[in-house]
Amino acid sequence: MNLLQLRCNRAFKNQDSSLNHTTPSALRFIKLPFPAGCPRQRDMTTIRRFCCNDLLRFTSVNLDHLTETFNMSFYMTYLARWPDYFQVAEGPGKRIMGYIMGKVEGQGESWHGHVTAVTVAHEYRRQQLAKKLMNLLEEVSDKIDKAYFVDLFVRASNTPAIKMYEKLGYVIYRRVLRYYSGEEDGLDMRKALSRDVEKKSIIPLKRPITPDELEYD
Amino acid sequence: MASKFGLAGGIPERRVRPIWDAIDSRQFKNALKITTTLLSKHPNSPYALALKALILERMGKPDEALSVCLNAKELLYKNESLLMDDLTLSTLQIVFQRLDHLELATSCYEHACGKFPNNLELMMGLFNCYVREYSFVKQQQTAIKMYKLGSEERFLLWAVCSIQLQVLCGNGGEKLLLLAEGLLKKHVASHGLHEPEALIVYFSILEQQAKYGDALDILGGKLGSLLMIEVDKLRIQGKLLARAGDYAAAGNVYQKILELCGDDWEAFLHYLGCLFEDDSSWSCETINVPINPPKFVECKLAHLTDEVFDSCVENALAFVQKLQAETSNDSLRNPYLAHLEIERRKCLFRKNNDDGLIEALLQYYLRFGHLACFTSDIEAFLQVLSQEKQMEFLEKLMKNSNSLSAVPTKALGQSISLLKTQELIGNMFRLSVAELERSAVQMAELYCKNLPLSKDLDPQESMHGEELLSIVCNVLVQLFWRTRDLGYFIEAIMVLEFGLTIRRYAWQYKILLLHLYSYFGALSLAYERYKSLDVKNILMETVSHHILPQMLASPLWTDLGNLLKDYLKFMDDHFRESADLTFLAYRHRNYSKVIEFVQFKERLQHSNQYLLARVETQILQLKQRANNIEEEESILESLKCGVDFVELSNEIGSKSLTFNEDFQSRPWWTPTTEKNYLLGPFEGTSYYPKENLTKERETSVRGFVERKSILPRMIYLSIQCASVLYKDSSDTNGSLADPKTSSELKSLLERYAKMLGFSLNDAVDLVKGVSRGLKPYEVFGSDVIDWLNFAVFFNAWSLNSNEFGQHDDKCTPGSWHLVNSLLENYILSKLRSMGPLIQSPQGDLPILVQMVTEPLAWHGVVIQSCVRLCVPSGKKKKKSGSTDQCISLLSHAVRDAIQSSCSILEEVAVWSQDQIKSSEDNKIDILVSSLKRNGQNGGPGQVFHILETLASSPNETELGNQISQALRAWSPVDVGRRIVTGQSRVLLELYRICESKIKSLKSLKQQIAQV
């Protein structure tokens, strides 16, 4: 199983708001207070924060046709706003093995971590690297940002990826009709974190929704 | 802010909202209409005007937008009572920025801040303006003012970052760091710190001043608890201790890190660094590190005594064994790589530990040999072994291969690793042709045999054994390179195309193919393969090198134009928006990203490829318009007659350049853009280095840009020189042209000659010698295009100078003949030696194209300028007798030149047409039949035969529906047809270029005939 990439068209949606009359003053950022120290669990940490120079080094990862290469402002917005959610795994010779990018957003009980993309280079597949990267993002969402759940979107046809996420504890929360470029349905998958004691966030919705009904872009 | 008091820029929000909505939905006409209505009620509202300007700009009316903006600005300045709000200013700012007038936006904010000195929002806007202008000092001053208002931590950090930027990216001295440190210290004492990012910046300020002890004190104190993740904290602690020279304590810290996360390779290298008291693993943290750093881990061991070294190694080994024992997870490579690294250092220290390293490598293979990353994992370790020892390792590895894993996918992985190791060591170069063939056949068989393993995989997933075909291709290209039997080359193409039939997304195949097609003269097909890689955004900076150099020497001008345009647009967009993203990092208090973003922008701005693309874009335009002197002149005018580029050429020697191309995926036979072993002898027969030859490339790129960027100016000056008549009379000092023009062109010729390694005199002599057949063209070496350019511009200059006695007492110089014969002899001899493209891969085609589109084209421009001079435009005064004579002599020379150029172009056109016309089926047959020998007596076709056999009767139950279907669709004839079509398209473009030049020359001929 090596189809680990997510493709997410909402990433594109975000890009259109770059020139907007409200841009200069509309950006407000709230950081939650930090809890006391929390060691990462072992064996997930050749992993470090992604930095700009990695954009020049991720070629072999991104030439994979399921891995989207976004525009610069997209990557840099993630780096500027959620640097802890953008992590890269590096192997000997400083080779990039894979990376994950994500964010934290929402209000009240829908405060959650979101996986925008996770991808592993061909050479380093079948070593559970995607799992390590996912665990890391979950941990940051859980321990540092005290989010209620982590979610992600995946093409409804991408069975290998769906299976992998299920193995990692994600459930299909709802179906988003024609989410991908107005054609293919997307699945919104979720995993509850420790703050959601009753696991309310992952009770599947009965009916599918349309992209307009999504709370967050 | 917009809705504060229900007002937006002093106007009720409900009136403004429809405008915003219209802009958002890109209904600009509608937006403009509502704005006009709004302006009739609020004619003096700067905000309404700013909105109007915004809309006009987005409608593509920059001039109107600017004037409306200036109007709004004036109103803001004039009307004292008006509200000076951030919404108005930020809207104006957006428009000014899009109009490339950042300074106007800044002055608006400066004015506003002067009026309302304590308004934080306006000050933030002003700070943002300075961020956009990269005015670090003013940023710092503004941030300090904001800090003073309420001692907010974030503003202090904005100031500190601005100081750091002055030191790192500006010309601020390191003493400034002391100021930053002082500011932080004072703030910490009174307010503490609350953001982990603030602490990280604090550490970096201290580190830059080598105050490691102070940083350690802070880390150990109360502030240290800001760092939430234990491992991150330990990493900082370890680094600070090591840099402070306390290796023992640092070593302990790294041990702790490794106990927490055993897979942290970097931590292990630092741990070893501590043990051996060697700081090399920390010292390489510079900004412009190459994107592919050397695989070899730097280390210093010479300072150690035998005893110390031994005890260090003992400690390290014990620790690694402990890590290995504690590892429950089988996929953790780090503890085993660590063992390899220790053995490697033993080799480096004692030089007699080869066997120990070989044994460790064999162990690593047993454990991880099935992984796709096996070879890249061991690459650095292999490098310390001698050739013989590498071979010894390989032999032992081969013996091991008898006992492959029982799991089929693992066994396949192990076999592939073995083959890749063989490739890595360079063993393939030692094998005989027969052995190589056998090896290719075995790999192809292995691929076919293992196809069923991928039966149930999604077609988008990569397949088991996919890499085998890439290795087969490498072997076949090598067979071609050795034997020059084209069959192997075509077989290599077929193998990859076959692979793509089954897995159409395999980018590794596509890259290899695009290089093969480029070499085969089917550049349009290569470009298609390139496009299918979907190279966009930042990948254009790292991946374009696969296709750009070939395209630059090709007649595919439209494709080249698009390639350059897209790339430059990406880079320029980034430069425009980067500062806004930097400001975003400021606002979100991710201060370390601020520094990173600014440095990254600088790195891209210094990209050698960016520079090259800018120059080449202009050269392309000049090539495209060369048949029409008026159009050529208007291009030159838009380039300020090439003055800026000459400046670039002057500066290039001292400019810092970055090299961001990722060469890892290039095929072995063309490891960098400058090298192509298929065109000549292979340098170094045993091991092919894939290292980034930056130094060598740097010299070559600088030379290239230096030469290319004076071309526009030389073309411009040549036109000028050819626009004035030369009269050999003593009273005018031999020249009627502006003496400045003539002397400038001469000095550029001198420079050009110098770049080619000659003085002007010697260069002229050499060119004369070659044109008279006294010297062979080979003396020009690989710079033949530049030499012929030189000759063309020399002739243009000679039109107005007799310094070299070019005129032989006549009005027209003998250099006309020199250029004509140089071009004619060279191009025609090339044409005669070039066989049909289908049977002889590219070779001289790119040179031929460049000859036609560069020197010959520039010569054509000079001719056009002369024709314009000779042909009376009607209103001119009657010329004197001596002028008449000169004109007549010049027009004679020009007629000859036209005749000569025409006949050259006609020959090229005929040659291209012959190639295009010859029967497609014949050509396909030539391609396919070169493989149809079925390899009975060796030779090409054996691998092809295996693949054909598989495809002819696929076993659907074994292979599954998807693969079987793909196999049935496999058609080598289609591949052949695509190659033929690809070549024809290139030739057709060349033919068209020739035809249009011929047409233009013929019309010149008619004009000059009237003289």
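Turning our attention to the overall build of chain A. The number of helices and strands found in chain A is six helices and seven strands. When its helices and strands are written in sequence order, chain A yields α-α-β-α-α-β-β-β-α-β-α-β-β. The burial tally for chain A puts 52% of its 217 residues in the buried class. In chain A, once contacts between residues fewer than 6 apart in sequence are set aside, the share between residues at least 24 apart is 70%.

Moving on: the overall build of chain B. The secondary structure content of chain B amounts to 47 helices and two strands. Principal axes of the C-alpha set define a box for chain B whose edges measure 100 × 95 × 60 Å. Within chain B, buried positions represent 48% of all 1011 residues. Of all intrachain contacts in chain B linking residues separated by at least 6 positions in sequence, the fraction that spans at least 24 positions is 68%.

The next subject is helix 15 (residues 265-275) of chain B. Residue and element names in this part refer to chain B. Extensive coverage of helix 15 is indicated by the burial of ten of its eleven residues. Within the span of helix 15, buried status applies to W265, A267, F268, L269, H270, Y271, L272, G273, C274 and L275. Within two residues after helix 15, E277 carries a phi angle of roughly 50 degrees, on the positive side.

Turning our eyes to something else, we now look at the domain arrangement of chain B. Split by domain assignment, chain B resolves into domain 1 (4-186 + 194-206) and domain 2 (629-652 + 709-872 + 881-918 + 988-1009). Centre-to-centre, using C-alpha coordinates, domain 1 of chain B lies 53 Å away from domain 2 of chain B.

Okay, the confidence of the model for chain A next. Residue and element names in this part refer to chain A. Confidence in the prediction for chain A averages 81 pLDDT; 78% of positions are at 70 or higher. At the level of individual helices and strands, chain A shows its lowest average pLDDT in helix 2 (residues 23-26), which scores 29, and its highest in helix 4 (residues 72-81), which scores 97. Every residue in residues 1-45 is under pLDDT 50, and counting partners more than four places away or in other chains gives 104 contacts.

Bringing the nonpolar core into the picture now. Residue and element names in this part refer to chain B. Among the nonpolar cores identified, the biggest contains 362 residues, and V472, L476, V495 and V767 are the most heavily contacted of them. When we break this core down by domain, the ones giving at least three residues each are domain 1 (4-186 + 194-206) and domain 2 (629-652 + 709-872 + 881-918 + 988-1009). Discounting residues that sit within four places of it in the chain, V495 has contacts with L469, V472, C473, L476, V943 and L947.

Moving on: the environment of L788(B). All names here are of chain B. Among the structural elements, L788 can be located in helix 39 (residues 784-798). On the neighbour-count criterion, L788 (26 C-beta atoms within 10 Å) is buried. Separated by 241 residues in sequence, L788 and I547 place their C-alpha atoms 26 Å apart.

Our focus in this paragraph is the confidence of the model for chain B. Residues and elements named next belong to chain B. Overall, the prediction assigns chain B a mean pLDDT of 89, with 92% of residues at 70 or greater. Below a pLDDT of 50 lies the segment residues 684-688, which in the model reaches eight contacts outside its immediate sequence neighbourhood of four places, other chains included. Within the model, pLDDT remains below 50 along residues 728-735, and this stretch shows eleven contacts once partners closer than five positions in the same chain are excluded. In the predicted assembly, ipTM is 0.92 and pTM is 0.91.

All names here are of chain B. Phi angles above zero are rare outside glycine, and S151 is one such case at about 50 degrees. The topology assignment puts S151 in the loop between helix 8 (136-150) and helix 9 (153-168). Positive phi values are uncommon outside glycine, yet C641 reaches one of about 55 degrees. With respect to the helices, strands and loops of the structure, C641 is situated in the loop between helix 33 (629-638) and helix 34 (643-651). Of the residues examined, C641 has 18 C-beta atoms within 10 Å and is grouped as partly exposed.

Turning our eyes to something else, we now look at the pairing of strand 2 (residues 86-91) of chain A. Of all six residues making up strand 2 of chain A, five are buried, and the element is well covered by its neighbours. Where strand 2 of chain A hands over to strand 3 (residues 95-105) of chain A, the hairpin turn is made up of three residues, of which G93(A) adopts a positive phi near 70 degrees.

Here the focus is the packing of helix 7 (residues 120-132) of chain B against helix 30 (residues 557-587) of chain B. All names here are of chain B. Across the interface, helix 7 lies against helix 30 with an axial gap of 8 Å and an inter-helix angle of 135 degrees. As summarised for this structure, helix 7 and helix 30 are arranged oblique, according to the angle between their axes. In this structure, helix 7 meets helix 30 at a crossing whose hand is right-handed. Contacts from N128, V131 and R132 in helix 7 reach A579, T582 and F583 in helix 30. Taken together, the residues that form the contact of helix 7 with helix 30 break down as three nonpolar, two polar and one charged.

With that out of the way, let us pick up the environment of F58(A). Its place among the elements puts F58(A) in the loop between strand 1 (47-49) and helix 3 (59-62). The spatial distance from the C-alpha of F58(A) to the C-alpha of M189(A) is 27 Å, given a sequence separation of 131 residues.

Take helix 34 of chain B next. Residues and elements named next belong to chain B. All buried positions along helix 34 are accounted for by F645, V646 and S649. In a view along the axis of helix 34, the buried residues occupy a sector of 105 degrees, so they form one face of it. Along helix 34, exposed side chains directed more than 90 degrees from the buried face belong to V643 and E651. Lining the buried residues of helix 34 we find helix 32 (608-624), helix 35 (694-708) and helix 36 (711-721).

Let's shift gears to the packing of helix 12 (residues 212-220) of chain B against helix 13 (residues 230-243) of chain B. Residue and element names in this part refer to chain B. It is the contact of helix 12 with helix 13, at a shortest axis distance of 9 Å, that shows an interaxial angle of 150 degrees. Taken together, the axes of helix 12 and helix 13 lie roughly antiparallel to each other. In this structure, the crossing between helix 12 and helix 13 has a hand that is left-handed. Across from Y212, A215, L216 and L219 in helix 12, the residues of helix 13 making contact are I236, Q237, L240, L241 and R243. The residue makeup of the contact of helix 12 with helix 13, split by class, is seven nonpolar, one polar and one charged.

Let us look at the sheet that holds strand 7 (residues 184-192) of chain A. Residues and elements named next belong to chain A. What the seven strands build is an open sheet, ordered 1-2-3-4-5-7-6; its pairing is mixed. Taken across any chain shown, the strands that pair with only one partner, and hence form the sheet edges, are strand 1 and strand 6 (171-180). On average, adjacent strands in this sheet sit at an angle of 30 degrees to one another, irrespective of strand direction. Sheet topology note: the strand 3/strand 4 (residues 112-120) ladder contains eight bridges and is antiparallel. Its bridge partner lying in strand 4, E105 is registered against H112. Here helix 5 (residues 129-144) sits on the sheet in contact with strand 1, strand 2, strand 3, strand 4, strand 5 (149-155) and strand 7, set at roughly 160 degrees to strand 4.

In this section: the pairing of strand 3 of chain A. Along any regular strand the residues' side chains alternate between the sheet's two faces. All names here are of chain A. By the criterion of burial, strand 3 is predominantly enclosed, with ten of the eleven residues buried. Relative to strand 3, strand 2 runs antiparallel, the two sharing six bridges. By the bridge assignment, A89 is partnered in strand 3 with G98. In sequence, strand 3 turns back onto strand 4 through a hairpin of six residues, with G106 there showing a positive phi of about 110 degrees.

Time to look at the environment of G938(B). Note that G938(B) resides in the loop between helix 44 (920-929) and helix 45 (942-952). What G938(B) contacts, discounting residues up to four positions off in sequence, is A434(B) and E437(B).

Cut-offs used in this document
Residues numbered from 1 in each chain as written. Chains lettered and ligands numbered in written order. Predicted model: local features only at pLDDT ≥ 70, side-chain atom pairs only at ≥ 80, totals over all residues. Helix = DSSP H or I, 4+ residues; strand = E, 2+ residues; numbered from the N terminus. Buried ≥ 20, exposed ≤ 12 C-beta atoms within 10 Å, placed from the backbone. Contact = placed C-beta atoms within 7 Å. Domains from an automatic or database assignment. pLDDT = per-residue confidence, 0-100. Core = buried A, V, L, I, M, F, W, Y, C linked by C-beta atoms within 7 Å. Pairing = 2+ DSSP bridges. Axes fitted to C-alpha atoms, helices over the stretch in contact; angles between N-to-C directions. Parallel < 35°, antiparallel > 145°, perpendicular 65-115°, else oblique. Left-handed = near helix turned anticlockwise from the far one by under 90°. Nonpolar A, V, L, I, M, F, W, Y, C, P; charged D, E, K, R; others polar. Arc of directions from axis to C-beta.

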